[in-house]
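Given next are the chains, with one letter for each unit.
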Amino acid sequence: MFKRPVKEISSEFSAEEKFLPSIQRTVRESCIAAGMRRKEVSAVLLATEEAATNIIRHAYLYEKGVLRLRIVIYRKLVVISLIDFGRSFKPDSSGTLDLQRLIESGRKGGLGFYMIQKIMDSVEYISSAGRNELRMIKRITSRPSMERPFLRRMSTLRVKFSFWTFLIMAVIIAGSFYFIDRRTSQQLYNRLDETALALTKTISDQAAGHLLRSRSATEFDELVKSYIRANTELEQIVLIDNQGLVIAHSDDIRNIRKPYQAPPEVGTVAVGEPFRYVQGGQELNFLTQPIVWNGRKLGNVFVIYSSEPINEPLHKARERAIQLTLLLLLFGVFGIYLLSNYFVRPIGQITRRVRAFTSGDLESELPLEGAEEFFEISRAFNEMMTRLKQDRENIVAREKMAKEIELASQIQQTLMPTRLPEVPGLDLHAFYRAASVVGGDLYDIFEIESGRYCLAVADVSGKGVPASLVMSMLRTVIQISAADAASPAETLVKVNEYLFTNIPGGMFITIMLVFYNATGRQIEIVSAGHNPMLYYHADTGHIDRINPTGVPLGMPAMIEGSFGDKLEQVNLTLEDGDSFILYTDGITEAANAHGEQFGLDRLTSLLKEQISVDRDVTSRLICDSIVAELDDFAGFEKQADDITFIMARTAFGSESDEPPATHGSEFITVDEPSDTGTG
């Protein structure tokens, strides 16, 4: 997209408004370093402040987080990215902020984003996998361009198409020309070498006859000169005997009876193989052939011949071919430039329509004209625009619904205990984190009557809005039913009678219900198909899994017995230091990247380890350790189910009428399934 960046800056800040000055200072220094004018720097700072404020107030409405700032400086522009891991402004993950949709769906920050888009040259919002990025691009103003309109027009698609076509054609033609020229030249050289080799063999045969007849030096001289006169390509012929003495020399008769010296440019020469070299700017060829008679060697023939007879015509032919090729290329490119208009014009129309679409225009259509392919593209594009317009209306409706679900989440939060009651003799702490905007888990701790308390952890089948509505109803039904019930078993019977006819078919609820009597520190435990309670005995250090029998609430009528007949109640008396935890399967079924589940054994070991290290450890510290261990185990895997649990402890040497050492609750919700499980 861009060229190589000049500089890159990355910073991370807590998502709090008190850190806005630090963010602005980083942006200001980066813009000044990029060479922006003072007016542009002020505008960019205003846009950055507005963007960061909207993200802090929206993305991290219900929880704390971090805001990453990434600035990339290029030669002519600056890219500023604000990255968060909270709620997304655009759940559909499209890249352009639709201000009209923000306003229609009731989202805050619409006017702020309108200002940002006016200040910056480009604004994109990318949301995926729990990561949101607001990317803002500001171009650095440079001096007015002095290029002429013609040069600006030269950057059009037609010119680029013609230029690259010319370049490709030139490469193809040049490659073809080189291949043909080299092949033709090699054929001509081979023909010349074959002619010279044939002449050399003929000279060798005649010289052998002369040597056998003991011809005179004059006859040898006449032999070589006759060949020189008859063959213009031959430059020199030399005959030598077995002693290496010259017996005939076409250049100088005075060399006869002297040792033969080959030209200094000639290296090792094989018999019958020409050796090419350049002497005095002329390309020559050296060839040797033995003088043989009946298998007996009598001497050697050395022939030097020139390549000029083929070089000059070859050069002229090359020049004519190059001139003709260039002329044809010019005519070809001109024709391509004219022909490209036929293909490029529809592409230009499509490009302008796409730009209009990115600006928010979904009404205008492309004309159905041109070649069949462009006709089909235009028709498909118009159909796509129509569907996008319909989808946009549907998205606005869905976002309005999302706003209502968000409101339902806020209402659900108000139904959860915001502060746990002070329960004599018990140190309590609770944790809740939904896997989506609204959850189906429930925890509650309330006083039934003086000195008597109810602790409940429940899990409604399914997730989302239906589960959250049933959960909200369940809390009220439990509190009403427990008020006049003698035991937790009787309470669940009443709750089941109500739910059986008032929840949708196919839904059911698992619940662990505990009644605590502060006077004798006694607990009564019943379970409707829920996960077992983990009970730690301080005197032995052993953890029991208490799992009374029972079937989930809201299940269809049973063939044998009733719901109450299936319930088993367990009664225990708490001793000093005893602890127990009620939880949902969101803990035990939490999985990591390899698909391995956290499991009940790991939870049991962790609980025993925390209490064994420090017998005075508080419930809150144990809860924090469980959440931290769970998050480390899951890593970046999304939370698949709601996580809910209640931790209770009795202090050593505590009396039943004393208030607990610590108490409290933690209530956390997220818009989307949690990526890191951070509580």
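Everything that follows concerns the structure shown earlier in this document.
What comes next concerns the included structure. None of the values given here were measured: they were computed from a predicted structure.

For the rest of this paragraph, the subject is the overall build of the chain. A count of helical and extended segments in the chain gives 15 helices and 21 strands. A total of 679 residues make up the chain; the buried ones form 45% of that total. About 35,900 Å² of surface is accessible on the chain, with carbon and sulfur atoms providing 54% of the total.

Where charged atoms from two side chains of opposite charge come close, those side chains can pair. Tallied over the full model, the rule gives 22 salt bridges. Put simply, aspartate 484 and lysine 494 hold a salt bridge, and the shortest N to O gap is 3.1 Å. Of the two residues, aspartate 484 is situated in the loop between α10 (465-483) and α11 (488-500) and lysine 494 in helix α11; the sequence distance between them amounts to ten residues. Under the relative-accessibility criterion, lysine 494 is labelled partly exposed at 26%. In this structure, glutamate 596 and arginine 602 form a salt bridge, with 3.3 Å as the shortest nitrogen-oxygen distance. Each of Glu124, Arg131, Glu133 and Arg135 takes part in salt bridges that share partners, so that together they form one network.

Tallying each qualifying case throughout the model produces four aromatic pairs. Joined through ring pairs, the aromatic side chains of Tyr260, Phe286 and Phe302 make up one cluster.

A few words on the environment of leucine 61. Relative to the helices and strands, leucine 61 is located in the loop between α2 (38-59) and β2 (66-73). For the pair leucine 61 and arginine 87, spaced 26 residues apart in sequence, the C-alpha separation works out to 8.1 Å.

Here five strands make up an open sheet; going across it, the order is β1-β2-β3-β5-β4 and the pairing antiparallel. Whereas interior strands pair on both sides, the edge strands pair on one side only; in this sheet they are β1 (7-14) and β4 (122-128). Put simply, the sheet's adjacent strands are angled 15° from each other on average, direction ignored. Of the pairings in the sheet, the one linking β2 to strand β3 (residues 77-84) comprises six bridges and is antiparallel in character. Bridging from a neighbouring strand, arginine 68 pairs with isoleucine 83 of β3.

Here β1 runs beside β2; their pairing, made up of eight bridges, is antiparallel. Across the sheet, the residue bridging to serine 11 is leucine 69, located in β2. Hairpin geometry of β2 and β3 is characterised by an intervening segment of three residues between the two adjacent antiparallel strands.

On to unusual backbone geometry. One non-glycine residue, arginine 257, lies in the positive phi region at around 70°. Positionally, arginine 257 belongs in the loop between β7 (246-249) and β8 (275-279). Arginine 257 gets classed as exposed once you look at its relative accessible area, which sits at 51%. Even without being glycine, arginine 521 reaches a positive phi, approximately 50°. With respect to the element layout, arginine 521 can be found in the loop between β14 (509-517) and β15 (522-528).

This part is about a nonpolar patch on the surface. The grouping of Phe163, Trp164, Phe166, Leu167 and Val171 at the surface amounts to a nonpolar patch, some 490 Å² of accessible area in total. Mapped onto the elements of the fold, phenylalanine 163 is located in helix α6 (residues 157-212). Residue phenylalanine 163 is classed as partly exposed on the basis of its relative accessible area, which comes to 47%.

It is the contact of helix α14 (residues 600-613) with helix α15 (residues 619-634), at a shortest axis distance of 10 Å, that shows an interaxial angle of 140°. If you check the angle between α14 and α15, you find them oblique. Note on packing geometry: the crossing formed by α14 with α15 is right-handed. Between α14 and α15, the residues in contact are Arg602, Leu603, Leu606, Leu607, Gln610 and Ile611 and Ile622, Ser625, Ile626, Glu629 and Phe633, respectively. Of the residues that constitute the contact of α14 with α15, the class distribution is seven nonpolar, two polar and two charged.

What follows deals with α10. When the terminal C-alpha atoms of α10 are compared, their 28 Å separation across 19 residues agrees well with the 27 Å that a helix rising 1.5 Å per residue should span. Within α10, the full set of buried residues consists of Ala467, Ser468, Val470, Met471, Leu474, Arg475, Val477, Ile478, Ser481 and Ala482.

Below, the discussion takes up the sheet that holds β15. The strands making up a sheet are joined through hydrogen bonds of the backbone, oriented either antiparallel or parallel. Reading across from one edge, β12-β13-β14-β15-β18 is the order of the five strands in this open sheet, with antiparallel pairing throughout. Every interior strand has two partners, whereas the edge strands, β12 (441-449) and β18 (569-573), have only one. The average undirected angle you get between the axes of adjacent strands in this sheet is 15°. In the sheet, β15 pairs with β18 via five bridges, with the strands oriented antiparallel. When the sheet's bridge partners are listed, valine 526 is paired in β18 with glutamine 569. Relative to β12, α10 is tilted by about 15°, and along the sheet it contacts β12, β13 (452-460) and β14. Running over the sheet, α11 touches β14, β15 and β18 and is turned about 145° from β14.

Thresholds applied
- Residues numbered from 1 in each chain as written.
- Predicted model: local features only at pLDDT ≥ 70, side-chain atom pairs only at ≥ 80, totals over all residues.
- Heavy atoms only, no water.
- Helix = DSSP H or I, 4+ residues; strand = E, 2+ residues; numbered from the N terminus.
- Buried < 20%, exposed > 50% of the residue type's maximum accessible area, 1.4 Å probe, protein only.
- Areas by Shrake-Rupley, 256 points an atom, 1.4 Å probe, with all protein chains shown as cover.
- Salt bridge = Lys/Arg side-chain N within 4 Å of Asp/Glu carboxyl O.
- Phe/Tyr/Trp six-rings, centres within 6.5 Å; stacked < 30°, edge-to-face > 60°.
- Pairing = 2+ DSSP bridges.
- Axes fitted to C-alpha atoms, helices over the stretch in contact; angles between N-to-C directions.
- Patch = residues over 30% accessible without salt bridge, like charges linked within 9 Å, V, L, I, M, F, W, Y side chains within 5 Å.
- Parallel < 35°, antiparallel > 145°, perpendicular 65-115°, else oblique.
- Left-handed = near helix turned anticlockwise from the far one by under 90°.
- Contact = heavy atoms within 4.5 Å.
- Nonpolar A, V, L, I, M, F, W, Y, C, P; charged D, E, K, R; others polar.
- Expected span 1.5 Å × (residues − 1).

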